[in-house]
Amino acid sequence: MSGAPFRPGPEDLRSLRRLGWTVLVIGVLLIIWRASDLLLLAFGSVLGAVVFRSAGRMLQKAGIGNWNLALGLGIALVLSVLGAMGYLLTVQFGSEIGGMLGNLPGTLATVENGLSTTPVGKAVVQAAEAAAGGSTIADRLGQFFAGAGEFLVNLVIVIVGALFIAGGPGSYRRGIILLTPPPARATMDRALDKVTLALRLWLKAKLISMVLMSVIIGGSLWWAGLDSWAALGLLGGLSEFVPYVGPAIAMLPSIGLAAAAGGDLLWRTVVAYLAVRVIEAWMLTPVINRQVVHIPPALTLFTILGVGAVFGVYGVFFAGALLVVAFVGVREFYLRDTLGEEGVPAIPEHPLPDHPENEIRQ
């Protein structure tokens, strides 16, 4: 058999290229869908690595010149804080929090039934159920707290992964850049810088917010007269990691305890939470977020609901950080690189640290 081998023409090449990209995109989406839990753990490890290296940078600025020593002490500091929080949640306030969380599904079911009597309330319940993965909020939270063992295993995986990434992030960064087509590698390099800086600032803002809100919520509930004000304040502060949804859910145990106690405790608790939210919205949030990625609140809320519908309850915990990554990525790859737009606000233009081992350049 003679003749030249089959060679597709220019039109066929374009069609084959489009088909290849379509298959690739579909394949990536299928992988994301099937391996969503694994991807969430990997993303949690990246966040943990940013926390570890940020703590190391803080200690380095405090006077520890050796980067490896500062990083090791920073990791020890973060793990100590996590251990202290675990002690407070399990030993110091374990019985109180266990009782509150045990009653939480019933409290949520009562709230759901009350809201479902009106069209607006029914829509709110349906949106919240979508964020919880399609089941009722009470059932979903009951499953979450029942799976405490699985949560602890995932936490250990995230911490171990964060230790590996924090110890040598340069190889992971170089791998991502090498997997990028050559014309886009400069953009990817710049985008990784911006994403890392945005996550570091976002985590810093969350830490400040969680600490301040723990104190404010605990003090407000002490004024209201709740006996478990310290445990409720700690839960309220931790819930700030998930914007809007977390604080709303963390408020329910307080309302349930106040309603069960009777008297004027319920209205005092409601007034305390209203005052807390006013202080947060008008004083704390604008000051804390002044140096962080500014994302519209509605976009944050619907992203949390959407991520919860796709990835379940665990996805809700990382929805805020995922939105920061997506927001900065769209800015760098689409607005700046594709459309050529400049001056689009996303994160403050802080100078990069000079140390060669910092998390920005690695």
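To be clear, the structure that these remarks concern was listed above.
Rules behind the numbers
Residues numbered from 1 in each chain as written. Predicted model: local features only at pLDDT ≥ 70, side-chain atom pairs only at ≥ 80, totals over all residues. Heavy atoms only, no water. Helix = DSSP H or I, 4+ residues; strand = E, 2+ residues; numbered from the N terminus. Polar contact = N/O pair within 3.5 Å; in protein donor to acceptor, adjacent residues only side chain to side chain. Contact = heavy atoms within 4.5 Å. Axes fitted to C-alpha atoms, helices over the stretch in contact; angles between N-to-C directions. Left-handed = near helix turned anticlockwise from the far one by under 90°. Nonpolar A, V, L, I, M, F, W, Y, C, P; charged D, E, K, R; others polar. Expected span 1.5 Å × (residues − 1). Buried < 20%, exposed > 50% of the residue type's maximum accessible area, 1.4 Å probe, protein only.

Q: Pulling in residues and values, what's your account of the side chain of Glu240?
A: By the element assignment, Glu240 lies in the loop between helix H10 (229-238) and helix H11 (245-261). Reaching out from Glu240, the side chain makes a polar contact with the side chain of Arg277 at a distance of 3.2 Å. Residues in contact with Glu240, not counting those within four places in the same chain, are Lys206, Ser209, Met210, Met213, Pro247, Arg277 and Glu280.

Q: Which residues make up the packing of helix H9 (residues 185-224) against helix H15 (residues 319-338), and what are the values?
A: Close contact between H9 and H15 brings their axes to 9 Å; oriented N to C, the two are set at 150°. The crossing of H9 and H15 is right-handed. Along the contact surface, H9 presents Thr187, Met188, Arg190, Ala191, Lys194, Val195, Ala198, Leu199 and Trp202, while H15 presents Gly320, Ala321, Val324, Val325, Val328, Glu332, Phe333, Arg336 and Asp337. Of the residues that constitute the contact of H9 with H15, the class distribution is eleven nonpolar, two polar and five charged.

Q: Account for helix H2 (residues 36-61), naming residues and giving values.
A: Taking 1.5 Å of rise per residue, 26 residues should cover 38 Å, and H2 covers 37 Å from first to last C-alpha, within 8% of that figure. Gly63, located one to two residues past H2, shows a positive phi value of around 130°.

Q: So what about helix H13 (residues 297-311)? Which residues, and what values?
A: Given a rise of 1.5 Å per residue, 15 residues ought to cover 21 Å, and the 21 Å separating the end C-alpha atoms of H13 matches this to within 8%. All buried positions along H13 are accounted for by Thr300, Thr303, Ile304, Leu305, Val307 and Gly308. Directly beyond the C-terminal end of H13, a positive phi value near 85° is found at Gly312.

Q: Give me the lowdown on the environment of Arg336, citing residues and values where you can.
A: Relative to the helices and strands, Arg336 resides in helix H15. Assessed through its relative accessible area of 15%, Arg336 is described here as buried. In this structure the C-alpha to C-alpha distance between Arg336 and Thr187, which are 149 residues apart in sequence, comes to 9.1 Å.

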